[in-house]
Structure formats: C-alpha cells, structure tokens
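Listed below are the residues making up each chain.
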Amino acid sequence: MTARVVLAYSGGLDTTVAIPYLAKMTGGEVVAVSLDLGQGGEDMEAVRQRALDSGAVESIVIDARDEFAEEYCLPTIQANGMYMKQYPLVSAISRPLIVKHLVEAAKEHGGTHVSHGCTGKGNDQVRFEVGFRDMNPDLEIIAPARDYAWTRDKAIEFAEANDVPIEQSAASPFSIDQNVWGRAIETGYLEDLWNAPTKDIYAYTEDPALGNAPDELIISFKAGKPVAIDGKPVTMLEAIEELNRRGGAQGVGRLDMVEDRLVGIKSREIYEAPGAMILIKAHEAMEDVTLERELARYKRLVDARWSEEVYDGLWFGPLKRSLDAFIASTQEHVNGDIRLVLHAGSIIINGRRSETSLYDFDLATYDSGDTFDQTMAKGFVKLHGLSSEIANRRDREAGK
C-alpha cells in the first residue's frame, strides 16, 4: 500500500521542505493541510499554491477562524486560561484544532500517516502526537525535524538542491507562531536571557510608550461569553479582532517570560496577545462580581489545572473534559458589563455592573443605611481563629 502523508502545513521553510522530503523518505504522497486561524499576513491561496509547487498531491486550506474563536478561544476565556499565571495559551489551544482537521483529512483522502514540523525540544510535538493518538491511533506519525535531526541549515540546503520554492533565508533568527489569539516569538538573540527584545519583533502591538490617548470601552458578557463591545453585538471572532486592534494600539498584551516546558527545560518566550489578555482580565472581573466566594476560590484552582492540561497537550483527555464540565457549570450567572481603560500597555478595570451580581450595596456600605449586623462579628472572629489559638497555646507551653 502506497503511503499517503497528511502534513500540517504552515507555508514556512520547514513544512515546505518537508513535502518533498517526506515523499522521498516514505516513497509515497503528501497531502498538505493548512488552517486559517486569523494569523493574517500571507494570503492563504499563496500558501495553498506553494504546497502544490513543492510537490503535494493535494493542498487543502480550511477557514477555521470562527471555529477557533468559538470552540477554543471562548473556553480559554471562561477558564481564565493562563499557564504559569501569565501565558494565555496562544499556541497550545490551536494545536488540537489542527489535529482534528488533519485526522478528518486523513479519513477523507486515504491518509496512512500524519506529520508535523515540530522539534524534540518543544511542547507542540506532544500536543500534536497525543492528539493524533487520542483521535486515531492507527495513523502513523512522522516528525522530520525531530526524527531525522532536521536542522534549519539542512532544510535550506535540501531546498536549494531540490528546487523547492522557499522565501525564508537563514538570516531570519526567530521562530514565530501566530493566530488571532496571539503571537509567539522565540529563538535567536532571545535565547540570551539578558537581551531585551527589540521593537522589530512585535507585529500585533505598538510601543506602549508612544503616548496614545487612553481608550475606554465596555465589554458585555452573557453566561461568561463576550457578546458586545460598547453596546455593539459581536461574534466571538469579532470581539477578539476588535480588541486586538484597540489593545494593540495601546501596546497591551506584551509578555516576556521564562516558561517551564513540558520536556523539562526552561525556555524564554515573547508573546503579544492584546485581545486575549483584555478578554481574560475582563472575564475575571465579571466573575469577581457574580461567583459565590467558595465557588470562586475553587474555580481559581480548576482554572490553573485546566491551563496546565491544555499546555501539556491533553486537550482531548478525560480530566480536561471533566474540568470543562465544571467550568461550564459556573458560567450561568457571569452576566453584565465591565468598563476598562487601555493605556500605555496597561488594562485598568474601572466599572462593573450586573443583574446577577452578588454585590449587595446595603451590606457593603459604611454609610447610613448599612444593613450589616456588626454585633455578630465579635463571636465570628473568635470562633474563626479558635483552632489556631489552641494550637499556638500548646506550642508556647511546649517551649516552641
């Protein structure tokens, strides 16, 4: 049986060279699958044609922007998804969607293998391959960059020797991944932790020091989903795109972090995700108003665990599915408006209103009309600290 490899195709150097290389290594055919996830930049028809020019027997381009926004970005907002309390899972949430479409393409086009361009150092190899095995363990997996020690120099050399149409040059030092949820930049001079990122690496955000006038806006939520900006109804995709534009103009959403990768190494990563950071911060503020205290405390633990599961490539795993069910159950009353100001790289919440709010003005006020019975507080405080008081008394008596 002739091998048919379904390749996750980005249009970049590594995956373009992978088309003839995989055909040569397997003696089979390559089907290229590209997803439009709102990454912008190059025209997707040009990407499709490049795959054909490089030897693919089929080149499929899928407009998955709305699907990505509704089924992957929205759950991330509702889970306040931030790995290490910082990273809004820009690449991590796109991989399971790519996996889904590659497995579907393999079924439709008689694929025997699936392939990706990841190295053995990164997290994406795990996200792709665990996803492939979860969805169809009968597919063979090939990872040329990892399995054949495929370096950038070798890729360029192979392309030149085999007349593969590439536009990238060895002079570009960065590895970049982007979609509508954000943009990730790594490698090159950034691998020295002391080197500050230069202005030229950013594309989604302006310099926060430009001094643009503050931008105040209102985001409306219904059941934990952003449904309007400044009173204008928006789809999930439109919400992200609008906030990318407005947040990007204020330099919002830049992140420079040292990340704990799944494979055990630390890696310096630069991110810019204006829409993602604004939406997560606004959603957290809406939950502060509408979630009961004990539920909110526990959900913060669940949110952190959900983020780790997704980062670790376990989108299709049973724990993540159960966490999804818990998070969905918490969103019923997350309704209302959050007013915020974007300015000089910062997001400042300055207003909240909700018909399902748990904030009781009469209980919270210190002015006349206060309905809180302060006579109950003395006994409450004593009972609350009683166990700690007893334990400390014991330790004092024991000379500790």
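Residues numbered from 1 in each chain as written. Predicted model: local features only at pLDDT ≥ 70, side-chain atom pairs only at ≥ 80, totals over all residues. Heavy atoms only, no water.

1. With respect to the overall build of the protein chain
- Per the secondary structure count, the protein chain includes 14 helices and 14 strands.
- Each principal axis of the C-alpha distribution contributes one length, and for the protein chain these read about 85 × 55 × 45 Å.
- Burial analysis of the protein chain (400 residues in total) assigns 47% to the buried set.
- Taking as baseline every contact in the protein chain between residues at least 6 positions apart, the subset at least 24 positions apart corresponds to 72%.
- Of the roughly 20100 Å² of accessible surface on the protein chain, a fraction of 52% belongs to carbon and sulfur atoms.
- For the protein chain, the separation between the mean place of its 43 positive charges and that of its 65 negative charges on side chains is 6 Å. (Helix = DSSP H or I, 4+ residues; strand = E, 2+ residues; numbered from the N terminus. Buried < 20%, exposed > 50% of the residue type's maximum accessible area, 1.4 Å probe, protein only. Contact = heavy atoms within 4.5 Å. Areas by Shrake-Rupley, 256 points an atom, 1.4 Å probe, with all protein chains shown as cover. Lys, Arg positive; Asp, Glu negative; His and termini not counted. Charge placed at Lys NZ, Arg CZ, Asp CG, Glu CD.)

2. Overview of the sheet that holds strand 7 (residues 182-186)
- Across the sheet, which stays open at both edges, the 4 strands sit in the order 6-7-12-11 with antiparallel pairing between neighbours. Sheet topology places strand 6 (175-179) and strand 11 (254-260) at the edges, where each strand pairs with a single neighbour. The mean inter-strand angle of the sheet, taken between neighbouring strand axes irrespective of direction, is 20°.
- With 5 bridges joining them, strand 6 and strand 7 adopt antiparallel strand pairing. Directly across from Gln178, in strand 7, lies its bridge partner Arg183. (Pairing = 2+ DSSP bridges. Axes fitted to C-alpha atoms, helices over the stretch in contact; angles between N-to-C directions.)

3. Considerations on empty space enclosed by the protein
- Per the counting criterion, the structure on display carries 3 cavities of 30 Å³ or more.
- Reported here for the largest cavity is a volume of approximately 50 Å³.
- Considering the residues around the largest cavity, the lining is formed by Ala92, Arg95, Pro96, Arg127, Gly131, Val310, Gly313, Trp315 and Phe316.
- At the level of elements, helix 4 (95-108) and helix 5 (124-135) are the ones that each hand at least two residues to the lining of the largest cavity.
- Broken down by class, the residue content of the lining of the largest cavity amounts to 5 nonpolar, 2 polar and 2 charged.
- Contributing to the lining of the second largest cavity are Asp207, Pro208, Leu210, Gly211, Asn212, Ala249, Gln250, His343 and Ala344.
- Of the residues that constitute the lining of the second largest cavity, the class distribution is 4 nonpolar, 4 polar and 1 charged. (1 Å grid on protein atoms, 1.4 Å probe; cavity = no way out; pocket = protein on both sides within 12 Å on 5 of 7 lines; lining within 4 Å. Points joined across faces, edges and corners; volume = space filled by probe spheres on them. Nonpolar A, V, L, I, M, F, W, Y, C, P; charged D, E, K, R; others polar.)

4. A closer look at the side chain of Thr330
- Mapped onto the elements of the fold, Thr330 is located in the loop between helix 11 (318-329) and strand 13 (336-343).
- At a separation of 2.6 Å, a polar atom in the side chain of Thr330 contacts the main-chain carbonyl oxygen of Ile327.
- Within the structure, Thr330 has its side chain in polar contact with the side chain of Gln331 (distance 2.9 Å).
- When near neighbours in sequence (up to four residues on either side) are disregarded, Thr330 contacts Leu291, Leu295 and Lys299. (Polar contact = N/O pair within 3.5 Å; in protein donor to acceptor, adjacent residues only side chain to side chain.)

5. Topic: the environment of Leu37
- Mapped onto the elements, Leu37 comes out in the loop between strand 2 (29-36) and helix 2 (44-53).
- Measuring from C-alpha to C-alpha, the distance between Leu37 and Arg152 comes to 25 Å, with 115 residues separating the pair along the chain.

6. Points about unusual backbone geometry
- If you check the backbone angles, Met84 has positive phi at about 55° while not being a glycine.
- If you trace the backbone, Met84 turns up in the loop between helix 3 (65-78) and helix 4.
- Look at Ala223: it is not a glycine, yet its phi comes out positive at around 50°.
- Position of Ala223 among the secondary structure elements: in the loop between strand 8 (215-222) and strand 9 (225-229).

7. Here we look at the UniProt feature "binding site: ATP" (unreviewed entry) in the protein chain
- In the UniProt entry, the feature "binding site: ATP" (unreviewed entry) is given for Ala8, Tyr9, Ser10, Gly11, Gly12, Leu13, Asp14, Thr15, Thr16 and Gly117. In sequence the annotated residues extend across 110 residues, while in space they remain close, none of their C-alpha pairs exceeding 12.8 Å.
- Residue placement: Tyr9 occurs in the loop between strand 1 (4-8) and helix 1 (13-26).
- Look past the residues within four positions of Tyr9 in its chain and what remains in contact with it is Thr15, Thr16, Ile19, Ala32, Val33, Ser34, Val47, Arg50 and Ala51.
- Sequence-distant contacts of Gly117, defined by excluding residues within four places in its chain, comprise Thr15 and Ala145. (UniProt positions renumbered as here; feature names shortened; annotations may be inferred.)

8. Section: the sheet that holds strand 1
- Judged by pairing direction, the sheet is parallel, and its 5 strands sit side by side in the order 3-2-1-4-5 without closing on themselves. Each edge of the open sheet carries a strand with a single partner, namely strand 3 (58-63) and strand 5 (140-142). Each adjacent strand pair in this sheet contributes to an overall mean axis angle of 25°, direction not counted.
- Note: strand 2 against strand 3, 6 bridges, orientation parallel. Bridge pairing in strand 3 places Val31 opposite Glu58.

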